[in-house]
Amino acid sequence: MATHQISVTVNGEAHAAEVESRTLLVHLIRDELRLTGTHIGCDTTHCGACTVLLGGKPTKSCTVLAIQADGCEIGTVEGLAGADGMHPLQEGFWEKHGLQCGFCTPGMLMTGAALLAENPNPSEGEIREAISGNLCRCTGYVNIVKAVRYAADKMGAAAAETANAATDGEDN
């Protein structure tokens, strides 16, 4: 089987790997890079448990070849939390009980992160549309929507506080 040298940046860290032509991105992430937060659910893009950010866009990694990601920036659930602690989405899932078994959660979090990066103040309908490609067999989605809304509100308040601080600094 032919192999290829690829390089990817995952959660800000550069990685080089030798992969077979048929290696799926999800297997590179889980098996080679040992980032097991990205789940394998269906292998058909139906469930979304394997969703990562590929170039900032939510992508189901179970049907993307690793060689297609060569040179790309990839974000996984392990990269959401920052130096200050949990990402507001992770906090929202905790505070608003947005998970039960947790299997779909990494994909939901990555899809939510992409939505909030593109639309920092989504409506309930926009949240539901964004997560519509992610299947949850446990929750009924109500608390997942509340969790994304919680994150949007928290991130919006933080952005407003930063803007106010900058404006206050200009007044001095």
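Above: the structure in question.
The present account deals with the structure reproduced in this document. Counting starts from 1 at the beginning of each chain's written sequence and moves along it residue by residue. The predicted nature of this model means local features are confined to residues of pLDDT at least 70 and side-chain atom pairs, given and counted, to a pLDDT of 80 or more, with totals for whole chains, interfaces and linings taken over all residues. For the side-chain quantities, the full set of heavy atoms in the structure was used; hydrogens and water were omitted.

A word on the overall build of the protein chain
(1) Moving on: Secondary structure is summarised from DSSP: a helix means a run of H or I of at least four residues, a strand means a run of E of at least two, and numbering begins at the N terminus for each. Helices and strands together make up the secondary structure of the protein chain, namely five helices and five strands.
(2) Moving on: Written out in order from the N terminus, the α and β elements of the protein chain read β-β-α-β-β-β-α-α-α-α.
(3) Moving on: Against the 2.2 N^0.38 benchmark of 16 Å for 172 residues, the protein chain shows a C-alpha radius of gyration of 17 Å, consistent with a compact globule.
(4) Moving on: Here the protein chain, with 172 residues, has 41% of them falling under the buried criterion.
(5) Moving on: Residue pairs in contact within the protein chain that sit at least 24 positions apart in sequence constitute 56% of those at least 6 positions apart. Throughout, radius of gyration means the C-alpha value; the globule benchmark is 2.2 Å times the number of residues raised to the power 0.38. Buried, partly exposed and exposed residues are distinguished by accessible area as a fraction of the type maximum, computed with a 1.4 Å probe on protein chains only: under 20%, between the cut-offs, and over 50%, respectively. When checking whether two residues touch, look at their non-hydrogen atoms; a contact exists if any pair is within 4.5 Å.

Some details on the nonpolar core
(1) Moving on: Counting residues in hydrophobic clusters, the biggest one holds 22 residues, and the most contacted among them are L89 and M108.
(2) Moving on: For this core, the secondary-structure elements that each account for two or more residues are α2 (88-95), α3 (105-118) and α5 (142-171).
(3) Moving on: For M108, the residues in contact, after removing those within four places along its chain, are F93, I131, N134, L135, C136, Y141 and I144.
(4) Moving on: Among buried residues, those of type Ala, Val, Leu, Ile, Met, Phe, Trp, Tyr and Cys that are joined through side-chain atoms within 4.5 Å constitute a nonpolar core. Within the second largest apolar cluster, 16 residues are counted, among which are A17, I29, L33 and V52.

Notes on helix α1 (residues 25-32)
(1) Moving on: For α1, the complete set of buried residues consists of L25, V26, L28 and I29. Seen end-on, α1 carries its buried residues on one side only, within an arc spanning 165°. The arc in question is the one spanned by the directions pointing from the helix axis to the C-beta atoms.

Some thoughts on the state of the cysteines
(1) Moving on: Cysteine sulfur pairs qualify as disulfides if the two atoms are within 2.5 Å. Scanning the entire structure with this criterion turns up zero disulfides.
(2) Moving on: C62 provides the cysteine sulfur closest to C50, a residue in no disulfide bond, and the two sulfurs are 3.7 Å apart.

With respect to the pairing of strand β3 (residues 51-54)
One face of the sheet, then the other: side chains in a regular strand alternate in exactly this way.
(1) Moving on: Covered by surrounding structure in β3 are T51 and L53 together with V52 and L54, the residues of both alternating faces.
(2) Moving on: Where β3 meets strand β4 (residues 57-60), four bridges bridge the pair, whose relative direction is antiparallel. Pairing of L53 across the sheet is with P58, part of β4.
(3) Moving on: Linkage of β3 to β4, two consecutive antiparallel strands, is achieved through a turn of two residues, within which G55 is found at a positive phi near 65°.
(4) Moving on: In the sheet, β3 pairs with strand β5 (residues 73-75) via two bridges, with the strands oriented antiparallel. Each residue of the ladder has a partner; that of L53, found in β5, is G75. Two strands form a pair only when DSSP identifies at least two bridges running between them.

Things to note about the pattern of salt bridges
(1) Moving on: Salt bridges are identified by distance alone: a Lys or Arg side-chain nitrogen within 4 Å of an Asp or Glu carboxyl oxygen. Counted according to the given criterion, the structure contains five salt bridges.
(2) Moving on: With its nearest N and O atoms 2.7 Å apart, the salt bridge here joins K154 to E91. Of the two residues, K154 is situated in helix α5 and E91 in helix α2; the sequence distance between them amounts to 63 residues.
(3) Moving on: The buried category is assigned to E91, whose relative accessible area is 17%.
(4) Moving on: Between R128 and E124 there is a salt bridge, and its shortest N-O distance comes to 3.0 Å. One end of the pair, R128, and the other, E124, are both in helix α4 (residues 124-130), four residues apart, so they sit about a helical turn from each other.
(5) Moving on: Residue classification places E124 among the partly exposed residues on the basis of a relative accessible area of 48%.

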